[in-house]
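# Descriptive analysis of the structure
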Amino acid sequence: MKKLVAGILTGVLALSLAACGKSEEELVIGAANTPHAEILEKAEPLLEKEGIKLKIERYQDYVLPNKDLENGDLDANYFQHIPYLELQKKQNGYDFVNVGGVHIEPIGIYSKKYKKLEDLPEGATILLSNSVSDHGRMLSLLEAKGLITLKEGVDKTAAEIKDITKNPKNLKFDANTAPEMLVQMYKNDEGDAVLINSNFAIDAGISPGKDAIALEDKESEYINVIAVRKEDENNEKIKKLVKVLHSKEMQDYILKEWNGDIVPVSE
C-alpha cells in the first residue's frame, strides 16, 4: 500500500511539474487582426518546434495592446510601428523596448471619385486618421506626392496639419475619423480621398497595390515591431519568437501571402 501511495504521489508530482513546465513556455502576445495575427498563426508550428506555445490575443484598437502589455496581461505585442511606439512611451511612460521589426505596411491614398492624384480638384477634402501619431506619416506621403509642402526642419514623423506651409490646391483636411473606420468612410464615398493604413485596408479586402491611387514608398521607417517590457528584453522565449519571424520561411510567406502589399523586414 505504501508503495502504491508513493507511486501515485510521484505520478501526481510529475504531472504537476510537467504542467508547470508547459505553462512557463507559453508566450502570450497581443496582435492586430491583419496581418499581424495571421503572421503569428503561421509562426505557431515553428515556435512549437522551439518548445514554445504561442497564445495570440487579437485586438481591434491601438490603445489596449499597450495597456495590457504594461499591466502584465501580455508578454509582448505586435501591432504598432516604431514612431507610434515611441510616442506611446513618451505620452504614457511605458518602459517598453522594440526587440525586432517584422514588416512594413505601406500606407495608401484611396478615392472612389478619382483615379489619379492629379485629378483631385481645388479644395478637395482629404480624410485622415484622428490619431495624431499617424499624421506625420500621412502628411509626408502627401508631400512626397507633391500635394503639400511641410515646414522646413520639422520632424516628419511628428508633423501636424499646422506644419503645412504650401497647399497649392487648398486641400481641406478632415482628421476626425478613427483609424479603423477610414475603410468604411472610403466605401461610403466620403470625402474626395482617404488615407488608410494597409492593415485595415487588407482586412477589408482592399489591395493597396491595386486599389490605392498612390502608395507610400516601401523604404519606410514605419516598421511594425515586437514590443516587450524592458525587463523582458533578453527573455529567451522572446528571442526565439523574433528569430522565427525573421526566418526565411516566414519572410517568404509574408511576400507570397500579400503579393507585396506587406513587405517583410529582418532587423
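Attention here is on the structure that accompanies the text. Since we're looking at a predicted model, the values are computed, not measured. (Residues numbered from 1 in each chain as written. Predicted model: local features only at pLDDT ≥ 70, side-chain atom pairs only at ≥ 80, totals over all residues. Heavy atoms only, no water.)

## Re empty space enclosed by the protein
Tallying each qualifying case throughout the model produces 2 cavities of 30 Å³ or more. In terms of residue count, strand β3 (residues 76-81) provides more of the lining of the largest cavity than any other element does, 3 residues in total. When its residues are assigned to classes, the lining of the largest cavity shows 4 nonpolar, 7 polar and 3 charged. One number sums up the size of the second largest cavity: a volume of about 30 Å³. As for the second largest cavity, its lining consists of Tyr110, Ser111, Lys112, Lys113, Tyr186, Asp189, Glu190, Gly191, Asp192, Ala193 and Val194. (1 Å grid on protein atoms, 1.4 Å probe; cavity = no way out; pocket = protein on both sides within 12 Å on 5 of 7 lines; lining within 4 Å. Points joined across faces, edges and corners; volume = space filled by probe spheres on them. Helix = DSSP H or I, 4+ residues; strand = E, 2+ residues; numbered from the N terminus. Nonpolar A, V, L, I, M, F, W, Y, C, P; charged D, E, K, R; others polar.)

## Things to note about the environment of glutamate 50
Note on placement: glutamate 50 falls in the loop between α2 (33-49) and β2 (53-59). For the pair glutamate 50 and threonine 149, spaced 99 residues apart in sequence, the C-alpha separation works out to 50 Å.

## A look at helix α10 (residues 248-257)
Turning to α10, its buried residues are Met250, Gln251, Tyr253 and Ile254. Along the axis of α10, the buried positions cluster into a sector of 160 degrees, meaning they face one direction only. In α10, the exposed positions that point more than 90 degrees away from the buried face belong to Lys248 and Lys256. Against α2, β4 (96-104), α9 (236-245) and β13 (263-264) lie the buried residues of α10. Positive backbone phi, at 50 degrees, marks asparagine 259, one or two positions downstream of α10. (Buried < 20%, exposed > 50% of the residue type's maximum accessible area, 1.4 Å probe, protein only. Arc of directions from axis to C-beta. Contact = heavy atoms within 4.5 Å.)

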